[in-house]
Amino acid sequence: MTRQQVLDQYFIDARHKLIDIAAFLDRVDRAEGGADFRHAAFRTALKALGRRGPGRAERVLLSLSDPTTRPIAKAHGKGACGAWPGR
Amino acid sequence: MRYIEPHGHMVSRTTDDYRDMATAGCAAVCEPAFWAGFDRSSVNGFHDYFCQLTDYEPQRAAKFGMAHYSWLCINPKESEDVALAKDVLAIIPQFLDRPNVLGIGEIGLNKNSRNEVRVLELHVDLAARTNSLILVHTPHLEDKLKGTNLIMDVLRGDRRIRPERCIIDHVEEHTCRRVLDAGFWAGMTLYPESKCSPARAIDLLDLYGQERIWMNSACDWGVSIPLAVPRTALEMRRRGWTAEEVDKVVFQNPAQFMGQCPKFRLPAA
Ligand SMILES: [Zn+2]
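Definitions and cut-offs
Residues numbered from 1 in each chain as written. Chains lettered and ligands numbered in written order. Predicted model: local features only at pLDDT ≥ 70, side-chain atom pairs only at ≥ 80, totals over all residues. Heavy atoms only, no water. Patch = residues over 30% accessible without salt bridge, like charges linked within 9 Å, V, L, I, M, F, W, Y side chains within 5 Å. Areas by Shrake-Rupley, 256 points an atom, 1.4 Å probe, with all protein chains shown as cover. Salt bridge = Lys/Arg side-chain N within 4 Å of Asp/Glu carboxyl O. Helix = DSSP H or I, 4+ residues; strand = E, 2+ residues; numbered from the N terminus. Buried < 20%, exposed > 50% of the residue type's maximum accessible area, 1.4 Å probe, protein only. pLDDT = per-residue confidence, 0-100. Donors = N, O, S within 2.8 Å, 3.2 Å for Na, K, Ca; no water.

*Asks:* Any chance you could break down a nonpolar patch on the surface for me, citing the residues and the numbers?
*Replies:* All names here are of chain A. Residues Leu7, Phe11 and Ile12 make up a contiguous nonpolar surface patch of about 330 Å² in total accessible area. Structurally, Leu7 is set in helix 1 (residues 3-30). Residue classification places Leu7 among the partly exposed positions, given a relative accessible area of 47%.

Structure below.
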């Protein structure tokens, strides 16, 4: 596909998602409450997104990933929350 | 168009879904054992589930001209209880000879715990002893990268396991290349809220090629789309892929991987 064709096919969809992210950040700011590691992780991921060059999707995924390498002692619950809370 | 759904949890889907998939060109659906949304209280629950996967579900699929294959295991979400897992592993061999069973799956990790790793090793040993294909589930979200690396360590640590007989599913941009570089097959799951979107899955095909890779809907009882594979095939065509190129990814590739099990046969066209 040419760059023109990529933009023709995906620009409106990407624009829609971009505005959704902006509105989400506004919504979080308007809401009351304390800090949350997911909010901080999201901001860090946005920085990874903003860096120039290919591999943006991979960089965002890496920035939201658990960087440790050893199995944890025990699984408490089954769910994942989308960002690593740290130790 | 023809396609294979290589990962669908049809026990959670309606008969209307079977009809829609058949209408869209689905020739075969392959169903790994997974978590029911609640923990089963004993091995008897798994026995009944394996009967459903190997007896009842193939009959449902056959009504729509679709072949149905299954994979057996105790899912990583229930693997924290090693004693229960050992009970379940003990009954799996009595089902492995059933005509629609392709191998062991979907095994893997969920929260990357020590017990999950132990149960994964036991499943890998069973697959090696029975010369079975392996279908691997990788963890969700922030746990995926670490879990994928741990899973590959376990598989590579068992010298009896050949990577071309293992598919590591639910890859994304940060795990796809390392899975393929290690010689494994890679599965891309098309989910509306997590894992891959159709556009990103096609990007991965553009980036890493069309060998040893498939796409699936992993449709289950959660938010998922049984027609995700044919819809992505349509998007591939809109991006300029030829019908033959699409056919390779959505039909020939899964047939090639699962055809390593002699029981895998497609219904006559
Ligand atoms: Zn699954």
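*Asks:* Got a sec to walk through the confidence of the model for chain B? Specific residues and values, please.
*Replies:* Per-chain confidence: chain B averages 97 in pLDDT, with 99% of residues scoring 70 or above. Confidence metrics for the complex model read pTM 0.97 and ipTM 0.96.

*Asks:* Lay out the coordination of the zinc ion with the relevant residues and their values.
*Replies:* Residues and elements named next belong to chain B. Bound to the zinc ion on the protein side are His7 (NE2), His9 (NE2) and Glu106 (OE), at distances that span 2.0 to 2.1 Å. Here the donor residues for the zinc ion map to a single chain with the spacing H-x1-H-x96-E. Highlighted residues: His9 in the loop between strand 1 (3-5) and helix 1 (15-23) and Glu106 in strand 4 (residues 101-108), separated in sequence by 97 residues.

*Asks:* How would you sum up the pattern of salt bridges? Please name residues and give values.
*Replies:* Residue and element names in this part refer to chain B. Enumeration over the complete set of coordinates arrives at 24 salt bridges over all chains. Across the pair Arg2 and Asp247 runs a salt bridge whose closest N-O atoms are separated by 2.8 Å. Separated by 245 residues along the polypeptide, Arg2 in the segment before strand 1 and Asp247 in helix 10 (residues 243-258) bring together distant segments of the chain. Arg2 sits in the partly exposed class, given a relative accessible area of 39%.

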